[in-house]
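Chain and residue survey
Residues per chain are reported as follows:
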Amino acid sequence: GGYMKAEFERLARTDVPLIGCVRGSGLFLGLEMVRDRDTLEPATLETSLVCSILRNQYQILTSIDGFHDNVFVIKPPMIFSKKDVDYFVSSFRKAVLDDLPLELTAARLSGDTAHTPT
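Below is a short write-up of the structure. (Residues numbered from 1 in each chain as written. Predicted model: local features only at pLDDT ≥ 70, side-chain atom pairs only at ≥ 80, totals over all residues. Heavy atoms only, no water.)

Glancing now at the overall build of the protein. Each helix and strand in the protein was counted, giving three helices and five strands. Overall, the protein shows an N-to-C arrangement of helices and strands of α-β-β-β-α-β-β-α. For the protein, the spread of C-alpha atoms along the principal axes amounts to about 40 × 30 × 25 Å. Residues counted as buried form 41% of the 118 residues belonging to the protein. Looking at the protein alone, contacts between residues at least 24 apart form 62% of all its contacts between residues at least 6 apart. (Helix = DSSP H or I, 4+ residues; strand = E, 2+ residues; numbered from the N terminus. Buried < 20%, exposed > 50% of the residue type's maximum accessible area, 1.4 Å probe, protein only. Contact = heavy atoms within 4.5 Å.)

Structure below.
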């Protein structure tokens, strides 16, 4: 669990500014997604789209929680290995950096609002 949390914290520091904070312990983690780390504006639409991308393109199931539906809830099975963590973190990074911009553009053009796909 500590490895997974450290990897998401590293990702937040280096590549994915949408991750406002990583909280939790063991294998039960929450990633709070924000548009701006200073104002903490919730990234509700982005969270919903990334959740769908993870499910549809990477076969990773996550859920969304929080007052603004902007917190990824991560609760993998107990047999989750370091290799599984690496795949998850890598897929999350690709979903946010590579896939999300296209999905955001399409959602905004269609007038789509955030929804929780889980």
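With that out of the way, let us pick up helix H2 (residues 44–58). The first and last C-alpha atoms of H2 sit 20 Å apart over 15 residues, in line with the 21 Å expected at 1.5 Å per residue. Among all positions in H2, only Leu45, Glu46, Thr47, Ser48, Leu49, Val50, Cys51, Ser52, Ile53, Leu54 and Tyr58 are buried. Residues of H2 that are buried sit in contact with strand S2 (28–36), strand S4 (63–65), strand S5 (71–74) and helix H3 (82–110). The positive-phi residue at the C-terminal boundary of H2 is Gln59, with phi of around 55°. (Expected span 1.5 Å × (residues − 1).)

Bringing the packing of aromatic side chains into the picture now. As enumerated under the stated definition, the model contains three aromatic pairs in all. On the numbers, 5.4 Å between centres and 75° between planes, the contact of Phe8 with Phe88 is edge-to-face. Separated by 80 residues along the polypeptide, Phe8 in helix H1 (residues 2–14) and Phe88 in helix H3 bring together distant segments of the chain. Per residue, the accessibility class of Phe8 equals that of Phe88, and both read buried. By the ring-pair criterion, three or more aromatic residues cluster together here, those being Phe8, Phe72, Phe88 and Phe92. Sitting over the ring of Tyr3, Lys82 keeps its end group 5.1 Å from the ring centre. (Phe/Tyr/Trp six-rings, centres within 6.5 Å; stacked < 30°, edge-to-face > 60°. Lys NZ or Arg CZ within 6 Å of the ring centre and 35° of its normal.)

Turning our attention to the nonpolar core. Ranked by size, the top nonpolar core spans 33 residues in total, and within it Met4, Phe8, Ile19, Val50, Leu54, Phe72 and Phe92 carry the most contacts. Going through the elements one at a time, H1, strand S1 (19–25), S2, H2, S5 and H3 are the ones with two or more residues in this core. Aside from chain neighbours lying at most four places away, what touches Val50 is Phe72, Phe92, Ala95, Val96 and Leu100. (Core = buried A, V, L, I, M, F, W, Y, C linked by side-chain atoms within 4.5 Å.)

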